[in-house]
Amino acid sequence: MSESSRRNAPEFFKADIRSRIASDPSIVLDDPDVLMAIATAAEIDFGEKVYDMREVALSVLKERLDGHKKTHQKVIAATYENHVGTQNMHRAVLGLLEADSLDSALTALRDRLPEMLRVDAIRLVVEAESDAKQNKEDLDGRPSGGVVVFCPAGSVRDYLDCDPNASRGTAILRQVEEGEGVIYGGIGSLIRSEALLCLRPAEQGISNQAWSNRSRDGQASGGVEGEEVPWLLALGSRDPEQFRPGMGTDLITFFGDVLLRMLRRWLPS
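Since we're looking at a predicted model, the values are computed, not measured.

Here the focus is the sheet that holds strand 2 (residues 148-151). Taken in spatial order, the five strands line up as 2-1-5-4-3 in an open sheet, and their pairing is mixed. Taken across any chain shown, the strands that pair with only one partner, and hence form the sheet edges, are strand 2 and strand 3 (172-175). Here the strands of the sheet are splayed against their neighbours by 25 degrees on average, with no regard to which way each runs. Sheet contacts for helix 11 (residues 250-263): strand 1 (121-127), strand 4 (193-199) and strand 5 (231-237); angle to strand 5, the most-contacted strand, approximately 130 degrees.

Per the counting criterion, the structure on display carries five salt bridges. Here Glu-98 makes a salt bridge to Arg-112, at a shortest N to O gap of 3.3 Å. Taken as a pair, Glu-98 in the loop between helix 5 (53-97) and helix 6 (102-111) and Arg-112 in the loop between helix 6 and helix 7 (113-117) lie far apart in primary sequence, 14 residues in all. Exposure remark for Glu-98: the relative accessible area of 56% places this residue in the exposed category. A residue is classified by how much of its surface remains accessible, and Arg-112, at 35% relative accessible area, is partly exposed. Note that Glu-194 is salt-bridged to Arg-174, the shortest N-O span being 3.0 Å. In this pair, Glu-194 sits in strand 4 while Arg-174 sits in strand 3, placing the two residues 20 residues apart along the sequence. This pair shows no difference in class: Glu-194 is buried, exactly as Arg-174 is.

When pLDDT is averaged along the protein chain, the result is 75; 70% of the residues meet or exceed 70. Per-element confidence in the protein chain ranges from a low mean pLDDT of 44 for helix 8 (residues 132-141) to a high of 93 for strand 5. pLDDT under 50 marks residues 131-144. Its contacts with residues more than four places away, or in other chains, come to 29 contacts. In the model, residues 215-227 has pLDDT below 50 throughout and makes 35 contacts with residues more than four positions away in sequence or in other chains.

One non-glycine residue, Arg-118, lies in the positive phi region at around 60 degrees. By relative accessible area, Arg-118 is classed as partly exposed at 45%.

According to the relative accessible area criterion, Glu-194 is buried, its value standing at 0%. Within polar-contact distance, the side chain of Glu-194 engages the side chain of Tyr-159 at 2.9 Å. Side chain to side chain, Glu-194 and Tyr-184 meet in a polar contact 2.7 Å long. Once residues lying within four places of it in the same chain are set aside, the contact partners of Glu-194 are Tyr-159, Ile-172, Leu-173, Arg-174, Val-176, Tyr-184, Leu-235, Gly-236 and Phe-243.

Counting residues in hydrophobic clusters, the biggest one holds 39 residues, and the most contacted among them are Leu-96, Leu-109, Leu-113, Trp-231, Leu-233, Leu-235 and Phe-255. When residues of this core are traced back to their parent elements, those giving at least two are helix 5, helix 6, helix 7, strand 1, strand 2, strand 4, strand 5 and helix 11. The element contributing the most residues to this core is helix 11, with seven residues. Counting residues in hydrophobic clusters, the runner-up holds 17 residues, among them Val-149, Cys-151, Leu-196 and Ala-234.

Now for the side chain of Ser-193. When you line up the elements, Ser-193 lands in strand 4. You can call Ser-193 buried: its relative accessible area is 0%. Among the polar contacts made by the side chain of Ser-193, one reaches the main-chain carbonyl oxygen of Asp-239 at a distance of 2.6 Å. Within polar-contact distance, the side chain of Ser-193 engages the backbone nitrogen of Phe-243 at 3.4 Å.

Checked against the element boundaries, Gly-188 lands in the loop between helix 10 (181-184) and strand 4. Gly-188 sits in the buried class, given a relative accessible area of 0%. Spatially, the C-alpha atom of Gly-188 lies 9.2 Å from that of Arg-238, the residues being 50 residues apart in sequence. Beyond its immediate sequence surroundings of up to four residues, Gly-188 is in contact with Glu-178 and Gly-179.

Quick notes on the rules
Residues numbered from 1 in each chain as written. Predicted model: local features only at pLDDT ≥ 70, side-chain atom pairs only at ≥ 80, totals over all residues. Heavy atoms only, no water. Pairing = 2+ DSSP bridges. Helix = DSSP H or I, 4+ residues; strand = E, 2+ residues; numbered from the N terminus. Axes fitted to C-alpha atoms, helices over the stretch in contact; angles between N-to-C directions. Contact = heavy atoms within 4.5 Å. Salt bridge = Lys/Arg side-chain N within 4 Å of Asp/Glu carboxyl O. Buried < 20%, exposed > 50% of the residue type's maximum accessible area, 1.4 Å probe, protein only. pLDDT = per-residue confidence, 0-100. Polar contact = N/O pair within 3.5 Å; in protein donor to acceptor, adjacent residues only side chain to side chain. Core = buried A, V, L, I, M, F, W, Y, C linked by side-chain atoms within 4.5 Å.

Here's what the structure looks like:
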């Protein structure tokens, strides 16, 4: 609306605008652009040596308000993501608790829980004597779906790159160019981020020889000697943003604790 149009506007129209603003000032106060327009509407020619600080102040306040809005939106998005993540973890834990045998627990880890946790693969890496051929057979066709992967002694610490958090049982979240094939099998080439948790089976009374009688065709697969040998829980995702450094690790740690307590029902001490 031009200046002449505003001057010639009907009085009842002006009165209506005035009454609306008077009854609900937020129409103006909550709109930085309207406030800016009002503040600069009556510009006075102060000359080149005088500068109207109102416009500067309003510009600064508008920038700060925009920044607060963006922060607010990020907080809401993060809160929603955490809420969804917690719900998914609760569903996964309940699905795990429904297992009535070791085979059904491993089948749940293979078939149902990855979708619940929005990951592409769940693996339990155990340091035990087993050759690559057995692992390949496990990954390709065993009922457990290769959920349990046997690796030589020291493999867990090597894969975690001796990260100091591993010794404290803290989950490590990281992005990778490609997942480790020995752990993830054929899907390893698609993995772009992973959550890793070093487990201490001995603390739950589980012997590292627990998988001795679980190998294919009943052949023993002896565990590595030593009660302090760690296991590794690995969750792999195709999404590079699924697991990133700096994200919370409480849920994955909780899941690892539940898994160990479940396994001790069926694994020997």
